[in-house]
Every structure is written in C-alpha cells, then in structure tokens.
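Now for the letters of each chain:
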Amino acid sequence: MSVRNLIPNGRTSRVKKGDASLQVQTEYAFRPYPRLTTTVLNDGQVLHKIEKKLERPIESVEEQSEIERMIKRQHADVVSIIEENVSGKPAMIQVLKESHSDYLTLADRIKAIPGVQRIFDLDNEGNFLRHENAEQFRKAYSAVFKGLKELIEIFSMIPGVTMTREKGVYEVEKDRLYLVSCGDEVCVVTVKRVDETTVYEQAIKKAVEDFFSDG
C-alpha cells in the first residue's frame with residue numbers, strides 16, 4: 001500500500017484560556033520528512049508548533065495504528081500543558097517550548113538565532129512554496145532571485161526514490177542572506193546583525209545539525 005494512503009487520523013481540540021479560545025491540532029505528514037506536528041492557534045494565528053520527527057514514513061496498517069496512538073498522546077500532552085498553565089499566553093508558550101524542546105521545528109531553531117528576520121521556504125527546484133513570499137523576496141533581493149535556481153545547485157542531488165539534496169548552509173551575503181538545504185526542501189534565511197558575537201553561518205549549521213540529530 002502506498003505511504004500516501006497510510007494517513008492516520010489527526011486530532012483537534014479547543015481550549016479556553018481566559019478570553020481566548022485556543023485551537024490545538026495534531027497531525028501526521030510524510031513530506032518533506034515524516035513527522036507529527038501539534039499546532040497551537042488563536043483566531044487562526046499560529047502561536048507555536050511542536051514537532052516530533054519520525055524515523056521513516058508509515059509503511060503498514062499496524063504502524064498507522066501505532067502512530068495514531070502517538071498522535072493521541074502528543075495531543076493530550078499539549079492540551080494538558082495549556083489547561084494547567086494559568087499565567088497567560090506568553091508564559092504558556094514558554095512552557096510549551098521548555099517541555100518539548102526536542103520537538104522544535106527547524107524553523108523554530110533558526111528563528112531563535114539573534115538577528116534572524118525571515119525564512120523563505122522553497123522546494124528542491126528553487127520554487128517558492130508561497131507565491132506571496134516569492135514576490136516579497138524578488139522585490140528585496142532581485143539579483144539573488146534571478147539566479148536562485150542555479151544557486152541551489154551548490155547542494156548536490158542525492159540518488160534515490162525521492163528528490164533530495166545534500167544538507168548544508170551556504171553564505172550568500174555575509175550577515176544578510178543564507179541558503180539552507182535540509183534534504184527535501186530548501187530555505188533562504190535573512191538576517192540583520194543585532195550583536196557582535198553571532199557567526200550566522202555557524203549558528204545556522206548548528207541549528208540544522210541539532211534538528212536532524214534530535215529525536
């Protein structure tokens with residue numbers, strides 16, 4: 001059976017926190033890499049995402065049932081944290097981060113680097129995953145935008161069933177623009193220096209390495 005057909009049921013809950021009604025969603029996805037993601041939203045705005053990477057996509061009905069149990073546990077864990085925290089949304093998000101540090105997404109880890117401003121997601125052929133992001137990037141970095149698809153070729157293709165590239169970080173413009181490959185997708189990270197100590201290429205590389213070594 002195709003992995004596309006082995007999709008476990010997700011879970012959705014609403015949790016009242018003071019005047020806010022938070023929505024919690026937990027679901028499985030196998031692209032660009034297999035994972036369980038719990039998203040906390042307030043009026044459609046994403047407050048936080050908690051992500052647990054899986055070793056491989058679901059390959060059997062039995063594994064699908066096991067992943068559904070994992071979804072139930074992860075979802076209940078996050079809902080419980082929200083319900084038990086009475087200090088308001090900012091503190092609640094911090095509790096979530098501290099309680100699930102190993103679930104942080106790669107974007108969470110990169111955004112935690114001082115001075116990181118935006119992350120633009122692309123596929124492995126250099127196409128922006130969101131049209132509006134493509135327009136924003138083109139206006140801000142027109143010269144890089146024109147040669148972006150050629151620039152991505154810095155990361156070699158890896159033979160296999162799916163289209164993947166070698167992982168890594170490339171400094172396009174020092175202290176301004178970095179290209180990141182995580183295998184199945186690529187992203188462009190924009191930064192603006194806010195201190196004298198951060199070495200952005202090294203910091204981003206560490207975020208990538210930590211993300212793929214966790215879990």
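Our structure's up above, just so we're on the same page.
Residues numbered from 1 in each chain as written. Predicted model: local features only at pLDDT ≥ 70, side-chain atom pairs only at ≥ 80, totals over all residues. Heavy atoms only, no water.

Student: Would you explain the packing of aromatic side chains in this entry?
Tutor: Two descriptors summarise a pair of aromatic rings, namely the distance from one centre to the other and the angle between the planes of the rings. Applying the stated criterion across every chain, the model contains six aromatic pairs. Between the aromatic rings of Tyr-178 and Tyr-200, the centroid separation amounts to 6.3 Å while the plane-to-plane angle is 45°, which identifies the pairing as tilted. Placement of Tyr-178 in strand β9 (residues 177-181) and of Tyr-200 in helix α7 (residues 200-213) is noted, with a sequence separation of 22 residues between them. With a relative accessible area of 0%, Tyr-178 lands in the buried category. Feature note: the residues Phe-120, Phe-128, Phe-137, Tyr-141 and Phe-145 constitute an aromatic cluster, connected by ring pairs. (Phe/Tyr/Trp six-rings, centres within 6.5 Å; stacked < 30°, edge-to-face > 60°. Helix = DSSP H or I, 4+ residues; strand = E, 2+ residues; numbered from the N terminus. Buried < 20%, exposed > 50% of the residue type's maximum accessible area, 1.4 Å probe, protein only.)

Student: Would you mind showing me how to read the sheet that holds strand β10 (residues 186-191) here?
Tutor: Pairing between the strands of a sheet is mediated by backbone hydrogen bonds and can be parallel or antiparallel. Sheet architecture is open: four strands sit in the order β5-β10-β9-β8, paired in antiparallel fashion. A single partner strand is all that each edge strand has here, and the edge strands are β5 (116-122) and β8 (168-173). Each strand of the sheet is rotated relative to its neighbour by a mean of 20°, with strand direction disregarded. The pairing of β8 with β9 spans five bridges and is classified as antiparallel. Looking at the pairing, Tyr-170 lines up with Leu-179 of β9. (Pairing = 2+ DSSP bridges. Axes fitted to C-alpha atoms, helices over the stretch in contact; angles between N-to-C directions.)

Student: How should the sheet that holds strand β4 (residues 45-53) be read in this particular structure?
Tutor: Strand order in the open sheet formed by four strands is β1-β2-β3-β4, and the pairing between neighbours is antiparallel. Both edges of this open sheet fall to β1 (11-17) and β4, since each of them pairs with a single strand only. Going across the sheet, the axis of each strand differs from the next one's by a mean of 20°, ignoring polarity. Relative to strand β2 (residues 20-29), β1 is paired through seven bridges, and the arrangement is antiparallel. Bridge assignment links Arg-14 to a residue of β2, and that residue is Gln-23.

Student: Please explain helix α1 (residues 61-84) as it appears in this structure.
Tutor: Counted at 1.5 Å a residue, the expected span for α1 with its 24 residues is 34 Å, and the 35 Å between its end C-alpha atoms agrees. Three or more residues of α1 are buried, namely Gln-64, Ile-67, Met-70, Ile-71, Gln-74, His-75, Val-78, Val-79, Ile-81 and Ile-82. (Expected span 1.5 Å × (residues − 1).)

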